[in-house]
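Chain by chain, the residues run as shown.
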Amino acid sequence: MRKLPDWLYQDQATLEASKSHHYLQMNLQTLRHFLGKMKQTTPAFKAKTSSWMRLVSFLILAILITTAHHSIQLWLIGILLLMHIAMLPGEVLLHLFKVLFKVLLISTIVILPSILFQGFQNGGLFLLRAGMIVLNISLFLATTTSVQLVEALRQLRVPKTFVQTIDITLKYGYILGKHLQQQIESVQLRTVGQKVNLNLFGSILGLLYLSTKNHTKEVYEAMILRGYGMDTKRKEALHWKKEDVFFLLELAVLTTFTTLLG
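Residues numbered from 1 in each chain as written. Predicted model: local features only at pLDDT ≥ 70, side-chain atom pairs only at ≥ 80, totals over all residues. Heavy atoms only, no water.

Trainee: Residue-level account of the side chain of T258, with values.
Mentor: In this structure, T258 sits in helix α10 (residues 242-261). Here L254 takes part through its backbone oxygen, which lies 2.8 Å from a polar atom of the side chain of T258. There is a polar contact of 3.0 Å between the side chain of T258 and the backbone oxygen of T255. If near-sequence neighbours (up to four positions away) are discounted, T258 is found in contact with L64, Q73 and I77. (Helix = DSSP H or I, 4+ residues; strand = E, 2+ residues; numbered from the N terminus. Polar contact = N/O pair within 3.5 Å; in protein donor to acceptor, adjacent residues only side chain to side chain. Contact = heavy atoms within 4.5 Å.)

Trainee: Describe the packing of helix α2 (residues 51-67) against helix α3 (residues 71-85), listing the residues and the values that go with them.
Mentor: Running from N to C, α2 and α3 cross one another at 150°; their axes reach a closest spacing of 10 Å. Classified by the angle their axes make, α2 and α3 are roughly antiparallel. Crossing of α2 against α3: the hand is left-handed. Contacts from L61, L64 and I65 of α2 reach α3 at L74, I77, L80 and L81. For the contact of α2 with α3, the residue count by class is seven nonpolar, no polar and no charged. (Axes fitted to C-alpha atoms, helices over the stretch in contact; angles between N-to-C directions. Parallel < 35°, antiparallel > 145°, perpendicular 65-115°, else oblique. Left-handed = near helix turned anticlockwise from the far one by under 90°. Nonpolar A, V, L, I, M, F, W, Y, C, P; charged D, E, K, R; others polar.)

Trainee: Explain the pattern of salt bridges to me, and be specific about the residues and the numbers.
Mentor: Taken as a whole and judged by the stated rule, the model has three salt bridges. For R32, the salt bridge is made with E185, and the minimal N-O distance between the two is 2.8 Å. Taken together, the positions of R32 in helix α1 (residues 19-39) and E185 in helix α8 (residues 160-190) put the pair 153 residues apart, joining distant regions of the chain. For R154, the salt bridge goes to D167, with nearest N and O atoms at 3.6 Å. Linking R154 in helix α7 (residues 146-155) with D167 in helix α8, this pair joins segments that are 13 residues apart in sequence. Here R154 and D167 have matching classes, each one buried. (Salt bridge = Lys/Arg side-chain N within 4 Å of Asp/Glu carboxyl O. Buried < 20%, exposed > 50% of the residue type's maximum accessible area, 1.4 Å probe, protein only.)

Trainee: Now, about α10: what can you tell me, with residues and values included?
Mentor: The terminal C-alpha atoms of α10, which comprises 20 residues, lie 29 Å apart, in line with the 28 Å expected from a rise of 1.5 Å per residue. Restricting attention to buried positions, one finds in α10 the residues D244, F247, L251, L254 and T258. Projected down its long axis, α10 carries its buried residues within an arc of 95°, all on one side. Relative to its buried face, α10 has exposed residues pointing more than 90 degrees away, namely K242, F246 and L260. Where α10 is buried, its residues contact α2 and α3. (Expected span 1.5 Å × (residues − 1). Arc of directions from axis to C-beta.)

Structure, rendered in C-alpha cells:
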C-alpha cells in the first residue's frame with residue numbers, strides 16, 4: 001500500500017474571507033436578485049385583470065393617494081389596496097411588509113422634528129401616504145412584469161417613441177447588469193485569500209463603461225440591419241375582460257367617494 005504524502009497530514013488554517021470579500025458577495029447577491037426580477041416573465045401573482053387595467057389602476061390610486069387631505073380618504077384607498085394585496089402569496093407579502101416597515105421607519109426619522117414641534121396630525125398623514133404608496137407600488141410590481149408593462153403602454157396608445165425608449169432601457173439595463181455581475185465575479189475569483197482594495201471599483205466602472213459602449217454599438221448596428229426603426233407600425237388591441245369591468249367600477253366608486261369627501 002502506498003503511503004500518503006506528508007503534506008496531507010499537516011494541519012493548515014483556512015483563510016478567512018476579508019470584509020471586502022463579504023462586501024463583494026453582498027453586492028453580487030443583490031445584483032443577482034435584481035437581474036432575476038428583470039428576467040422574470042411571469043409575475044409573482046397572476047392577476048385576472050388585463051395589464052393595461054392594472055397600469056391605469058396604479059396611476060389612478062397614486063393620484064388619489066398624493067391628493068388626499070383627510071385620513072378618511074386614505075382609509076378608503078387602503079381598504080381597496082388591502083383587499084387586493086390579501087390575494088398575494090405569503091412570500092411576496094413578507095417581502096412587502098419588510099419594505100413597508102423600512103420605509104415607515106425612515107420616514108418617521110425624517111419627519112420627527114415636524115412631529116415634535118407641530119404635532120402628529122400632519123406627520124401622520126405623511127406616514128399614511130408613504131405607506132399607501134409603498135403598498136400601491138408593491139401590488140403593481142407583484143402582478144405586472146416589465147414585458148406586460150410595455151404591452152400595456154402599447155395598448156393604451158402611448159407614443160411609440162416613449163414606449164420604445166422604455167423597452168430598450170429595460171432590456172439594455174439587464175445586459176448592463178450581466179456585464180457588472182461578470183466583472184465582480186472575476187474580481188472575486190482572482191482575489192481569493194487577499195484583501196480587495198475598494199479603489200478597484202473605480203476600475204470596474206471604467207471597464208463596464210468600455211465594454212457596454214462596444215456592446216451598445218453592436219446592438220445598434222444589429223437593430224438597423226434588422227429594420228428596427230421608429231416608423232414601424234405596431235398596434236396592440238385593447239382587450240377587455242369581465243374582471244376589468246368590475247375593477248373599473250371599483251375605481252369609479254372609490255374616486256367618487258374620495259372626491260366628495262375632499
